[in-house]
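Here is how the chains run, residue by residue.
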Amino acid sequence: RRSRLRDGGRRVERVTAYLAATAICAVSMVLGAAIACRPGHWSWTAPAAGLAAAMVLALAAVRLPGHGTTAAVAVAAAVAVAVVRLWRDRPGRGVVAARDVLGPLALAAAVLAFCSLPFLANRRMGVLGVSVLDDSVFHMGQADAMREVGAAAEVTSSNYPSGPHALVATLTSGTGIGIEHAFTGLLLA
């Protein structure tokens, strides 16, 4: 019975981490498409631009009252505005060519499979290297503190870039996903 419970917990960890990665990728692609793409054209820089925009927005919003919750609302509002812009700027109501969808999806699946190798080798999802390096404790602590107290959180040094921490705090506040799984999702994304 314990074995089944343990296996069920591992499945939940995997699903949660991959859902976090999917959420981060979706937000990055939508925001990036609204920022970096001309109407009717895709740019491969869009997801990176969207991820950067999500981090900057989360970092700015986590400093406001409500901290992580405010940041989650701000990112959700930005995604909604981006979706409206993309919908209005669509080139037409024509059918999307299969090659325009299948190529990027195949590439994304291959990258995700490659990024999953360390987790498959360890037969578990979660923070990698905790038995070798304990830095992850500080990073998860920073994200958790930012979620609760915003800019006053200083678990890491004050000059350390905290955009990823703010994005993890935002994801955790907005979805209820735990800090560890949100960080794993960010690494996968």
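Heads up: these notes are all about the structure in this document. Owing to the predicted nature of the structure, the values given are computational and were not obtained by experimental measurement.

Conventions we followed
- For every chain, the first residue of its written sequence is number 1, and the numbers climb from 1 along that sequence.
- Given that this is a predicted model, residues contribute local features only at a pLDDT of at least 70 and side-chain atom pairs are listed and counted only at 80 or more, while totals for whole chains, interfaces and linings are drawn from all residues.
- Calculated side-chain values reflect all of the structure's heavy atoms, with hydrogen atoms and water omitted.
- Side-chain atoms within 4.5 Å link the members of a nonpolar core, which is a set of buried Ala, Val, Leu, Ile, Met, Phe, Trp, Tyr and Cys residues.
- Relative accessibility decides the category of a residue: with a 1.4 Å probe and only protein chains considered, values under 20% of the type maximum give buried, values over 50% give exposed, and everything between is partly exposed.
- Only DSSP runs of H or I reaching four residues or more are called helices, and only runs of E reaching two or more are called strands; each is numbered from the N terminus.
- The contact rule is simple, with two residues in contact once any of their heavy atoms fall within 4.5 Å.
- Pairing of N or O atoms within 3.5 Å defines a polar contact, subject to two protein rules: one partner must be a possible hydrogen donor and the other a possible acceptor, and residues neighboring in sequence count only if both atoms are side-chain atoms.
- Axes here mean lines fitted to C-alpha atoms, for a helix over just the part in contact, with angles spanning 0 to 180 degrees between N-to-C directions.
- Angles below 35 degrees are treated as roughly parallel, those above 145 as roughly antiparallel, those between 65 and 115 as roughly perpendicular, and all remaining angles as oblique.
- Handedness of a crossing follows from how the near helix is turned relative to the far one, being left-handed for an anticlockwise turn of less than a right angle and right-handed for a clockwise one.
- Residue type decides the class: Asp, Glu, Lys and Arg count as charged, Ala, Val, Leu, Ile, Met, Phe, Trp, Tyr, Cys and Pro as nonpolar, and the leftover types, Gly among them, as polar.
- To estimate how far a helix should reach, multiply one less than its number of residues by 1.5 Å.
- Our arc is simply the arc of the directions from the helix axis toward the C-beta atoms.
- Residues form patches when they are more than 30% accessible in relative terms and have no salt bridge. Like charges link within 9 Å. Nonpolar side chains (Val, Leu, Ile, Met, Phe, Trp, Tyr) link within 5 Å.
- Note on areas: Shrake-Rupley with a 1.4 Å probe; residue coverage comes only from the protein chains shown.
- One speaks of a salt bridge when a side-chain nitrogen belonging to Lys or Arg is within 4 Å of a carboxyl oxygen belonging to Asp or Glu.

### Digging into the nonpolar core
Then, in step 1: In terms of nonpolar packing, the biggest core is built from 27 residues, with L167, V168, I179 and F183 touching the most fellow members.
Then, in step 2: The set of elements that each furnish at least two residues to this core consists of α1 (2-36), α2 (46-61), α3 (68-88), α6 (135-149), α7 (163-175) and α8 (179-188).
Then, in step 3: For this core, the leading source of residues is α7, giving five residues.
Then, in step 4: Contacts of I179, omitting those with residues within four sequence positions, involve M140, A143, D144, R147, V168 and T172.
Then, in step 5: Of all hydrophobic cores here, the second largest spans five residues; its members include A17, A21, M125 and L188.

### Section: the side chain of T172
Then, in step 1: Of note, T172 is situated in helix α7.
Then, in step 2: At a separation of 3.4 Å, a polar atom in the side chain of T172 contacts the main-chain carbonyl oxygen of I177.
Then, in step 3: Other than its neighbours up to four places away in sequence, T172 contacts R147, I177, G178, I179 and A182.

### Quick look at the packing of α2 against α3
Then, in step 1: Their axes nearest at 8 Å, the elements α2 and α3 cross at an angle of 140°. The orientation of α2 with respect to α3, classified from their angle, is oblique. The hand of the α2/α3 crossing is right-handed. Across the interface between the two elements, A54, L57, A58 and A61 from α2 touch T70, A71, A74, V75 and A78 from α3.
Then, in step 2: Of the residues in the contact of α2 with α3, the class split is eight nonpolar, one polar and no charged.

### Describing the environment of T45
Then, in step 1: Considering the arrangement of structural elements, one finds T45 in the loop between α1 and α2.
Then, in step 2: What makes T45 partly exposed here is its relative accessible area of 49%.
Then, in step 3: Separated by 12 residues in the primary sequence, T45 and A33 place their C-alpha atoms 8.7 Å from one another.

### Digging into α3
Then, in step 1: Taking 1.5 Å per residue as the helical rise, α3 with its 21 residues ought to reach 30 Å, and the 30 Å between its terminal C-alpha atoms agrees with that figure.
Then, in step 2: All of the buried residues in α3 are G68, A71, A72, V75, V79 and A82. Projected down its long axis, α3 carries its buried residues within an arc of 100°, all on one side. Among the exposed residues of α3, those oriented more than 90 degrees off its buried face are V73, V81, W87 and R88.

### Considering the environment of I35
Then, in step 1: Note that I35 resides in helix α1.
Then, in step 2: According to the relative accessible area criterion, I35 is exposed, its value standing at 54%.
Then, in step 3: Residues I35 and G50 lie 15 residues apart in sequence; the distance between their C-alpha atoms is 7.3 Å.

### Focus on a nonpolar patch on the surface
Then, in step 1: On the surface, M29, W42, W44, L107 and V111 cluster together to form a nonpolar patch covering roughly 560 Å² of accessible area.
Then, in step 2: Here V111 shows up in helix α4 (residues 98-115).
Then, in step 3: Here V111 falls in the partly exposed class, since its relative accessible area comes to 44%.

### Remarks on the packing of α2 against α7
Then, in step 1: Running from N to C, α2 and α7 point in directions that differ by 80°, and their axes come no closer than 8 Å. Taken together, α2 and α7 sit at an angle that is classed as roughly perpendicular. Between α2 and α7, the contacting residues are L51, A54, M55, A58 and L59 on the first element and G163, P164, A166, L167 and T170 on the second.
Then, in step 2: Looking at the contact of α2 with α7, its residues break down into eight nonpolar, two polar and no charged.

No statement about biological role is implied by the geometric values presented.
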